[in-house]
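One-letter residues, chain by chain:
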Amino acid sequence: MQKAEEIKKLNEEEAAAELARLAQQLKNANIAYYQDDAPLLSDEQYDAAQRSLKRLEAAFPHLKAFDSPSVLVGAPPSEIFSKVVHVERMLSLSNAFNRTDVEAFDEGIRRFLGLGHDTTLAYTAEPKIDGLSLSLRYENGILTQAATRGDGVVGENVTENAKTIADIPHHVNGAPDVLEVRGEVYISHGDFEALNMAQSKKAAKTFANPRNAAAGALRQLDPRITATRPLRFFAYAWGAMSAPIATSQAGALRFLAGLGFQTNPLTATCADVDLLLEHYQIISDQRATLGYDIDGVVYKVDDLALQGRLGFRSTAPRWAIAHKFPAELVWTRLERIDIQVGRTGALSPVARLLPVTVGGVVVSNATLHNEDYIQGRDSNGASIRDGKDVRVGDWVQVYRAGDVIPKLSDVDLSKRLSQSEVFAFPQTCPQCGSPAIREMGDAVRRCNGGLICPAQSLERLKHFVSRKGFDIEGLGAKQIELFFQDAELPIREPSDIFTLANRDEANLTSLKYRDGFGEKSVTNLFAAIEERREIGFGRVLFSLGIRHVGEAAANLIAKHYGSWDAFIMSIDQAHEKTNAEWEALLSIEGVGEVMAQSLVSTFRSAAERGAIDRLRAHLSIKDVEASNTGASPIAGKTVVFTGSLEKMSRAEAKVRAEALGAKVSGSVSLKTDLVVAGSGAGSKAKKAAELGIKTIDEDSWLSVIDGI
Ligand code: IVH
């Protein structure tokens, strides 16, 4: 052990040697303890070595290694990770599967930016690492926080774990005061094999694939366990930063490499789609020998100013796309076809398969889409899988589409049993017996039982409590299934959730005495429900699970009406379809006739409306505030673009206006505040003039947005 006075006598060389020795001793001890369950040191010896190391590091701070085992001291295992709200959302990527998709990506960007084909538009192309994304925050050059992606908005704080990863610097020199570096945590093939060997040697759980192993390691509550796992990190993006780090994607990667991050050596800048596809082939050819899993190639617009103009869709940037590798195909047997009834009544056939491993994951179900698909036709009657029908007992080829949802790609007719029969698709709902109807032009057969169908009610409730819905801690799909069938404390419709606590109080066999519950979990559950009485408008609308109304549409509708009451008042009149209320509904971005009709008829159905009003009585629904109010003169205003703009496409103009808090509408009405008339503006500009609505030209519009 190094006493204080002994340390003072050490020269730099001796101190460095001693530090290295102690660090190695502690690392070995960690591996022996956490990985092999065979301690090398007693607790006292371990603590003493830790103390010596810390003293030495305090006396020679410049000699402290970035991955010193001392960083783990003072980081006791947490019970649960704290949450981190990402300053800039962590998004996912849209996918491309072939040349046509990549061309459409390039085309869409050119259209958005108003760039012709004679203008060069450069992209970077780099491997898509199959791991987990991580955001590292550096303040004044010091790593202060590491967070997982979570749902993109809120992630988990895994700072202590991230500090154990050798590829992640604890300090960086020359970075802006605030810099969030983003990238992928992964495990190499070799390390994965070794880890699984070690796990099975001590009869511990082995991992299905490197990605799962990396996820397990990063989310260990005890960072000392993470330290024993061979995690690595590639940097490829960034989040918040106090000053720009580059003007191009390639430049930003060079900057990150200069700070000491690993960036992928297979990154290239490509001047057009052909070169992107060439680089895709180069990466694809090396895939098997890279030593780590990749699942595609990511293309990004190189110019960061253009990235800024392109911005984001709801879940992914417009300026990037993941060109995925073709999925692995595996043969297995179709054992049964089950029919599931979804929340909108759709009867979905599901193939139950002989379990088989596809891309490192065991697959035992695959979607069969609808009855036409089973017959080997698509909804237009065209042949799919060469018109082969699928029958129980068949050998079928499966793959994981987009690497997630298992689907069928082929049927081996040579192995079909002679007694096999064409699958008879049910004409009534297997859950409630109501007629299952297929409307003209619809590929899907639907149970028309509505809320009387238990399957629909249950699925709607599950959707209601889902993460993007009410997201009530302790009340997930599993609990909903139990409560749905509960004789004493049933939850059959959303409002029942908010009466649960009162009903429980009046109940003799209170929830807290039941198996699987307890005083604490019941108190927590009721508190979580209470917390959700106050909730945003968009979330409520999405939670209702109205057909065709997804999360993005629900939020846009909420933004348009501002308050729930204003929305209800308007929707109640919209059914006439000739009036301003119907027009207003259709003027919302992304709301077409089909969605509008679905909304109107849901609110007009007595059963549906009853359930919605009963729910509403328990809630305080928050209004949607216009974003950027104050900062922007068009916040909260309704803007209409007409005619052709020279300096930016309509799509970009719309995105810019919305980013400044405006609502963009397709038609001029008394609710319009501002019309931007490009060249050749016709009837809309005329109508605006008649109604006395302020109309400006493109240059004035540019000065509105540039002035901010
Ligand atoms: S860029 C704004 N580049 O893929 C989007 N992502 O499917 C920033 N990923 O969540 C992501 N390799 O976890 C980017 N070279 C790469 C990547 C990459 C892997 C992951 C990342 C992302 C997911 C999207």
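Conventions we followed
Residues numbered from 1 in each chain as written. Predicted model: local features only at pLDDT ≥ 70, side-chain atom pairs only at ≥ 80, totals over all residues. Heavy atoms only, no water. Helix = DSSP H or I, 4+ residues; strand = E, 2+ residues; numbered from the N terminus. Rg over C-alpha atoms; globule rule 2.2 N^0.38 Å. Buried < 20%, exposed > 50% of the residue type's maximum accessible area, 1.4 Å probe, protein only. Contact = heavy atoms within 4.5 Å. Core = buried A, V, L, I, M, F, W, Y, C linked by side-chain atoms within 4.5 Å. Pairing = 2+ DSSP bridges. Axes fitted to C-alpha atoms, helices over the stretch in contact; angles between N-to-C directions. Near = heavy atom within 4 Å. Polar contact = N/O pair within 3.5 Å; in protein donor to acceptor, adjacent residues only side chain to side chain. Areas by Shrake-Rupley, 256 points an atom, 1.4 Å probe, with all protein chains shown as cover. Nonpolar A, V, L, I, M, F, W, Y, C, P; charged D, E, K, R; others polar. Parallel < 35°, antiparallel > 145°, perpendicular 65-115°, else oblique. Left-handed = near helix turned anticlockwise from the far one by under 90°. Phe/Tyr/Trp six-rings, centres within 6.5 Å; stacked < 30°, edge-to-face > 60°. Lys NZ or Arg CZ within 6 Å of the ring centre and 35° of its normal.

(A) Fine view of the overall build of the protein chain. On a plain count of helices and strands, the protein chain comes out with 25 helices and 24 strands. On C-alpha atoms alone, the protein chain measures out to a radius of gyration of 30 Å, which is about the 27 Å that the 2.2 N^0.38 rule sets for 708 residues. Taken over the C-alpha atoms alone, the protein chain extends approximately 90 × 70 × 65 Å along its principal axes. Scored against the burial criterion, the 708 residues of the protein chain give a buried share of 48%. Nonlocal contacts in the protein chain, meaning residues at least 24 apart in sequence, comprise 66% of its contacts between residues at least 6 apart.

(B) Here's a closer look at the nonpolar core. Of all hydrophobic cores here, the largest spans 52 residues; its most connected members are Ile557, Trp564, Phe567, Leu585, Leu599 and Phe603. Setting aside its immediate chain neighbours within four residues, phenylalanine 603 contacts Leu541, Leu544, Ile546, Trp564, Phe567, Ile568, Ile571, Arg609 and Ile612. Membership of the second largest hydrophobic core comes to 34 residues, among which are Leu132, Leu179, Val181 and Phe192.

(C) Up close: the pairing of strand β7 (residues 178-186). Of all 9 residues in β7, 8 are buried; the element is thus mostly enclosed. Relative to β7, strand β4 (residues 132-139) is paired through 8 bridges, and the arrangement is antiparallel. Counted as the bridge partner of serine 133 is glutamate 184 from β7. Bridge analysis of β7 against strand β8 (residues 232-241) gives 7 bridges, and the strand direction is antiparallel.

(D) View of the sheet that holds β7. The strand order across the open sheet formed by 4 strands is β5-β4-β7-β8, and the pairing between neighbours is antiparallel. At either margin of the open sheet sits one strand with a lone partner, and together these are β5 (142-148) and β8. With direction set aside, neighbouring strand axes in the sheet form an average angle of 30°. Seen against the sheet, helix α7 (residues 210-218) touches β4, β5 and β7 and runs at an angle of roughly 40° to β4. Set on the sheet, helix α9 (residues 249-259) makes contact with β7 and β8; between it and β8 the angle comes to about 115°.

(E) Focus on the site of the ligand. Taken together, 14 residues lie near the ligand, and Glu126, Ile129, Glu184, Tyr236 and Lys300 sit nearest. A distance of 3.5 Å separates an oxygen atom of the ligand from a polar backbone atom of leucine 91. A distance of 3.0 Å separates a nitrogen atom of the ligand from a polar side-chain atom of lysine 300. For the ligand, whose free accessible area comes to 530 Å², the fraction covered by protein is 88%. Within the residue set of the shell around the ligand, elements represented by two or more residues are β3 (123-129) and β10 (294-301). The biggest single contributor to the shell around the ligand is β3, with 4 residues. For the shell around the ligand, the per-class residue count stands at 7 nonpolar, 2 polar and 5 charged.

(F) Up close: unusual backbone geometry. Here alanine 203, not a glycine, exhibits a phi torsion of approximately 55°, which is positive. One can find alanine 203 in the loop between α6 (189-201) and α7. Positive phi outside glycine occurs at histidine 369, with the angle close to 60°. One can find histidine 369 in the loop between β14 (361-367) and α12 (371-375). On the basis of relative accessibility, which here comes to 31%, the residue histidine 369 falls in the partly exposed class.

(G) Helix α20 (residues 580-587), seen in detail. Among the residues of α20, those classed as buried are Glu581, Trp582, Ala584, Leu585 and Ser587. In the core, the buried residues of α20 are packed alongside α18 (551-561), α19 (564-571), α21 (593-604) and β22 (663-665).

(H) Fine view of the environment of tryptophan 395. Of note, tryptophan 395 is situated in strand β15 (residues 395-401). For tryptophan 395, a relative accessible area of 27% puts it in the partly exposed group.

(I) Layout of helix α23 (residues 650-659). By the burial criterion, the buried members of α23 are Glu652, Ala653, Ala657 and Glu658. Contacts made by the buried residues of α23 are with α4 (99-113), α11 (304-310), α18, β21 (638-642), β22 and α25 (698-706). Once α23 ends, the next one or two residues include glycine 661, with phi positive near 90°.

(J) View of the pairing of β4. Within β4, 7 of the 8 residues are buried, which leaves it mostly tucked inside the rest of the structure. Note that β4 and β5 share 6 bridges and pair antiparallel. Paired with serine 135 across the strands is alanine 147, a residue of β5. Two successive antiparallel strands, β4 and β5, enclose a turn made up of 2 residues, where asparagine 140 displays a positive phi of approximately 50°.

(K) Examining the packing of helix α13 (residues 454-464) against helix α14 (residues 477-485) more closely. Between α13 and α14, the least distance of the axes is 9 Å, while the angle of their chain directions is 140°. Classified by the angle between their axes, α13 and α14 sit oblique to one another. Seen along the crossing, α13 lies across α14 with a hand that is right-handed. The residues of α14 that touch α13, namely those facing Pro454, Ser457, Leu458, Leu461 and Lys462, are Ala477, Ile480, Glu481 and Phe484.

(L) Fine view of the side chain of threonine 332. Position of threonine 332 relative to the elements: it lies in strand β12 (residues 330-341). A relative accessible area of 2% places threonine 332 in the buried class. A distance of 2.7 Å separates the side chain of threonine 332 from the backbone oxygen of leucine 354, its partner in a polar contact.

(M) Region of interest: the sheet that holds strand β2 (residues 95-96). Reading across the sheet, the 5 strands line up as β2-β11-β10-β3-β9 and stay open at both edges, with mixed pairing between neighbours. The two strands at the open ends of the sheet, each matched to only one other strand, are β2 and β9 (268-270).

(N) Region of the structure containing the side chain of arginine 391. Tracing the backbone through its elements, the reader meets arginine 391 in the loop between α12 and β15. In this structure the side chain of arginine 391 is engaged in a polar contact, spanning 3.3 Å, whose partner is the backbone oxygen of serine 420. Dropping the residues within four chain positions of it, arginine 391 is found in contact with Leu334, Arg416, Ser420, Glu421 and Val422.

(O) Molecular detail of the packing of aromatic side chains. In total, this model carries 19 aromatic pairs according to the counting rule given. Between tyrosine 186 and phenylalanine 234, the ring centres sit 5.1 Å apart and the planes meet at 5°, which makes this aromatic pair stacked. Of this pair, tyrosine 186 sits in strand β7 while phenylalanine 234 sits in strand β8, and the two are 48 residues apart along the sequence. With a relative accessible area of 6%, tyrosine 186 lands in the buried category. When the ring centre of tryptophan 395 is taken as origin, the NZ or CZ atom of lysine 415, which lies over that ring, is 5.3 Å away.

Read these as geometric descriptors, not functional statements.
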